[in-house]
Amino acid sequence: MSEVIILSQDDVKLCLPMNKAIQAVQEAYIAFAKGRVKMPPVMHLDVSQYNGEIDIKSGYIEDFGLIGTKIASGFYDNHKLGLPPGIAIIILMDLKTSMPLAIMDGTYVTAYRTGAAGAVAANVLAKKDSEIIGVIGAGTQARMQIIALNEIFTLKEVKVWDINDTAKRLYSKEMSEQLNITVESVDSVKDAVVESDIVVTVTPSKKALVMKDWIKNGTHINAIGADGPGKQELDPMIIKVADKVVVDSLEQCKIIGEIQHALKNGLIKEKDIHAEIGQILIGDKKGRESDHEITLFDSTGLAAQDIAAANIVYKQAKEKGMGKLISLLD
Ligand SMILES: NC(=O)c1ccc[n+]([C@@H]2O[C@H](COP(=O)([O-])OP(=O)(O)OC[C@H]3O[C@@H](n4cnc5c(N)ncnc54)[C@H](O)[C@@H]3O)[C@@H](O)[C@H]2O)c1
């Protein structure tokens, strides 16, 4: 019986560079667009008696011969116990036999595959010479998004805003040192947005933070934070006026993505969504066509991204002889 590799977060960190994550996520979106991915709806479990929630994302990708499942939690009282506010675990199984292959930390995979998604989208939707980035939110994803964009664009300046002053100042110090570019912490959301070529929203907000009038022609927006019912970061009018609204999965985004609000308010209809990102990557739909277009990418995070990124980790770990091998079954 084959053995299963157990990979800790430290192992995963050594196996998933951002450039490989970008490539993996691009391949996942392409496989999805070609109908070679199966993903049931995200399963959400409320554990409100312990102030917790669990999301289960699962699916398979034929191209990689893998079934993958990620269990991710948010348990918001954990800090009282000295524990992190949630975990994520990914299980990979062989698509042909269902035999288990790997069990790994999913927190780092989620962070990297989400940053990578922003870069894949901006690569086909943002202006090629984009150099000023406005970031709303200064947490984990705010870091990942910029690390990933830095792989694709020659960044000159990042302007960051966060509800928490300490968080944005820390971000500015950390990221400017890490990327060796100017990272300015600004006083308002508007200051982060108005002159930016790419605007990235990465907060758990439940109300609009970015207003339509601040978005100049030619801007690309990566709307990353809204990945659950009720979550919102953009004025829905932005979605109405954008020239191209692109989603990772229409089925997911209409329920848990940024577009949920514009659809609910009747500002747009499903037919107004330009494409799923994979359709652009395989050439069925167009990406950016002029420097004037306002483009928007609504990301909710697909099981396919998790599986593709976890596959990189699995392959690298096997090659390097990392992790702990166990026989799970007799
Ligand atoms: N689309 C995806 O695939 C995907 C993947 C991972 C995370 N996310 C979402 O991205 C968001 C950010 O995730 P993260 O891991 O960076 O979280 P985080 O907790 O590390 O950072 C969030 C930041 O937002 C700030 N913030 C909190 N509430 C705010 C509010 N109401 N208005 C403005 N700022 C606020 C916090 O101060 C913090 O700095 C979450 O909503 C998360 O669910 C999406």
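Every value quoted in this text rests on a predicted model; they were computed, and no experiment measured them.

A. Structural view of the environment of D284. Structurally, D284 is set in the loop between α10 (277-281) and β17 (295-298). Judged by relative accessible area, which is 55%, D284 ranks as exposed. Taking the C-alpha atoms as reference, D284 lies 9.2 Å from A33; in sequence the two are 251 residues apart.

B. Examining the environment of G283 more closely. Inspection of the secondary structure puts G283 in the loop between α10 and β17. A relative accessible area of 57% places G283 in the exposed class. Separated by 253 residues in sequence, G283 and I30 have C-alpha atoms that sit 10.0 Å apart.

C. Representation of the site of the ligand. Around the ligand sit 22 residues in total, of which T140, Q141, D162, G225 and K231 are the nearest. One nitrogen or oxygen atom from the main chain of I224 is found 3.0 Å from a nitrogen atom belonging to the ligand. The separation between an oxygen atom of the ligand and a polar main-chain atom of G301 is 3.4 Å. Alone, the ligand offers 860 Å² of accessible surface; in the complex the protein occludes 74% of this.

D. Summary view of the pattern of salt bridges. Following the criterion strictly, the structure yields 18 salt bridges and no others. Here K156 ties to E131 by a salt bridge, and the two come within 3.7 Å at their closest N and O atoms. Remark: E131 occurs in the loop between α3 (107-125) and β8 (132-136) and K156 occurs in the loop between α4 (140-152) and β9 (157-161); sequence separation between them is 25 residues. Judged by relative accessible area, E131 falls into the partly exposed class, the value being 30%. Of the charged contacts in the structure, one is a salt bridge between D165 and K168, with a shortest N-O distance of 3.4 Å. Of the two residues, D165 and K168 both sit in helix α5 (residues 165-179), three residues apart, roughly one turn of that helix. Using a relative accessible area of 41% as the deciding quantity, one classes D165 as partly exposed. One network of salt bridges, in which partners are shared, links K70, R113 and D306.

E. Up close: the sheet that holds β8. One open sheet holds the eight strands; their spatial order is β10-β9-β8-β11-β13-β17-β15-β16, and the pairing between them is parallel. Whereas interior strands pair on both sides, the edge strands pair on one side only; in this sheet they are β10 (182-185) and β16 (275-276). In this sheet, β17 lies alongside strand β15 (residues 244-247) in parallel orientation, the contact comprising four bridges. Each residue of the ladder has a partner; that of K244, found in β17, is T295. Contacts from α5 reach β8, β9 and β10 within the one sheet, and its direction differs from that of β10 by about 175°.

Cut-offs applied
- Residues numbered from 1 in each chain as written.
- Predicted model: local features only at pLDDT ≥ 70, side-chain atom pairs only at ≥ 80, totals over all residues.
- Heavy atoms only, no water.
- Helix = DSSP H or I, 4+ residues; strand = E, 2+ residues; numbered from the N terminus.
- Buried < 20%, exposed > 50% of the residue type's maximum accessible area, 1.4 Å probe, protein only.
- Near = heavy atom within 4 Å.
- Polar contact = N/O pair within 3.5 Å; in protein donor to acceptor, adjacent residues only side chain to side chain.
- Areas by Shrake-Rupley, 256 points an atom, 1.4 Å probe, with all protein chains shown as cover.
- Salt bridge = Lys/Arg side-chain N within 4 Å of Asp/Glu carboxyl O.
- Pairing = 2+ DSSP bridges.
- Contact = heavy atoms within 4.5 Å.
- Axes fitted to C-alpha atoms, helices over the stretch in contact; angles between N-to-C directions.

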